[in-house]
Structure formats: C-alpha cells, structure tokens
Amino acid sequence: RVGIFDQSSFGKLLVQGRDAETTLNRICTSNMSIAVGKVVYTHFLNRNGGVEADLTVTRLAIDEFLIITPAFTTTHVHSWIREHTEENSISVVTNISSAWAMLNIQGPNSRLLLQEACEGDFGNTSFPFSTAKKIEVGYQEALALRVSYTGELGWELYIPTEMALSVYDRIVQIGHKYELAHCGYHTLNTLRIEKAYREWAHDMGPLDNLLEAGLGFTCNWTKPGGFIGRNALLEQKEVKSLKRRLCLFLLEDPEP
C-alpha cells in the first residue's frame, strides 16, 4: 500500500550563485531556466554524447539549485560540475549530503499518509508531479519533492539530519493505519527495473550515448548555448544509425 525507504545515503549538492543557471544549462541536457520549485530529471553528457550522470535538479531560488544523485556517483557528479564550470562564472557547488537525511514515501497510500502526518495540501492541483515544497512534519520543516523512482505515487522528504528520527517516528506511527511497510534499496531497484527506469553505471555509462539509452526526451535541443554532447547526438540523429538500443523485455515465465 505504501512503503518507506531510507535513502539518506543519496548525494545532495547545492549549486549557488548568480551564474548557477547558466552553468547548469551548459552541463545539463534539460533546460534549467525553470520556475522556483520545479524538479527536472536530466543528464550530464560527455563530448561524445555518453552518459556521465543521471539525476534530478530542483530550483530552490533564483540563484540556487539542488542536485540529487545516488551515493556512489556523488564524487563524480561534484567533480564534473567543478571541472565544467567556466573560470569567470560566479557559481559554486557544495556537497551538503551529510546535512540532510532523506525518507522516500512511495505507493498508492502515500498521499493519505503524508496528508495526515504533515501540514500542507498534497493534492494533484496544489502539489503536482515534478515540484517541490517546504512542508511541516510535527515540529520540523522539511523539503518535499514529488518524484518517483518506483513508478508509484510518492514523495522524497529531505529533513535536517538531527531531526530525521522524530520525523521517521511520526510517519511510522501514523503509517500503521495505511499499511506502511519498510522497504530496502533492492526493493527500489526491483521496482525501477519493472518500470524500465535506467540506472547509471548498471544500465548505461559514459560509453553509451543518451539516444541508445532511450533517454533522448530529456534533451532540450533548442535552448540557447546548447549543452555538452549536443552536437554528437544531433549527428547521430541526422544519420539515424543507432548501433544499439537499450530496452526492457518481460518474461512470460519469470522463474528462469
């Protein structure tokens, strides 16, 4: 009905400064000229169009963006941003991973649970998919992102680390009536595979270009200045010659 995942290990990077948008627009495949509170699924590419990172970016303010990436890619993503920030750019990237815990609430009953546990409206109209809001959970303020790596209705809650236990206790206490279950990372991996959601390093990497991975929809081809790897992908689109294509198939008999 609803599951809770402790994903506090995920990397959390802040990109701040007057030129933060310009810097990320050059690195990200998607357009970062977005409204405050918008969450975007995007990629970092190398010059050949190979996938260097698979992550989400949330605009917290005009000059501040939050990047969320799996724990094992945090150092790589951090370094990639620093190495591809122009010298005269007024922007800085900071690793704040240890400052925030993250509890991921996913499943059909996630809205009902959070509606009772937290202050705020979690309805579709006031809290649409791919948006972020500050909410109150008991005595604590948290940042809630409505995103999903499971393919279900759900929210990621980013909580100051020192307050994570009290928020967790409240959610678990209220969650009993909604059949809350504790889920691990392997559960998350199973769910995302069922939905054909890619994972960097396991399904794709720097030698696999974004079109071969089936993720060309994250590219904004017309944004001013383009993005790193854009020319390589456009050349491949023009000749229409994919050497391979990542796809999912469903076994009629899953036992083998």
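Calculation rules
- Residues numbered from 1 in each chain as written.
- Predicted model: local features only at pLDDT ≥ 70, side-chain atom pairs only at ≥ 80, totals over all residues.
- Heavy atoms only, no water.
- Helix = DSSP H or I, 4+ residues; strand = E, 2+ residues; numbered from the N terminus.
- Buried < 20%, exposed > 50% of the residue type's maximum accessible area, 1.4 Å probe, protein only.
- Contact = heavy atoms within 4.5 Å.
- Polar contact = N/O pair within 3.5 Å; in protein donor to acceptor, adjacent residues only side chain to side chain.

Student: Sorry if this is basic, but what is going on with the environment of Leu55 here?
Tutor: One can find Leu55 in strand S4 (residues 51-61). We classify Leu55 as buried; its relative accessible area is 3%. Counting along the chain gives 11 residues from Leu55 to Phe44, while the straight-line C-alpha distance between them is 8.4 Å. Residue contacts for Leu55: discarding those within four places in its chain leaves Val40, Tyr41, Thr42, Phe44, Ile67, Ile68, Thr69 and Val77.

Student: Explain unusual backbone geometry here, please?
Tutor: Most peptide bonds take the trans form, and the phi angle of most residues other than glycine is negative. Even without a glycine there, the phi angle at Glu179 is positive, about 60 degrees. We classify Glu179 as partly exposed; its relative accessible area is 48%. With a phi close to 85 degrees, Ala201 is a non-glycine residue in the positive phi region. Looking at the secondary structure, you find Ala201 in the loop between helix H5 (185-194) and helix H6 (230-239).

Student: Looking at this model, I keep getting lost on the side chain of Arg192. Mind explaining?
Tutor: As for its position among the elements, Arg192 is in helix H5. On the accessibility criterion, Arg192 (4% relative accessible area) is buried. Within the structure, the side chain of Arg192 is placed 2.8 Å from the backbone oxygen of Tyr197, a separation counted as a polar contact. Here the side chain of Arg192 touches Glu199 through a polar contact of 3.2 Å, side chain to side chain. Residue contacts for Arg192: discarding those within four places in its chain leaves Tyr149, Tyr197, Arg198, Glu199 and Asp203.

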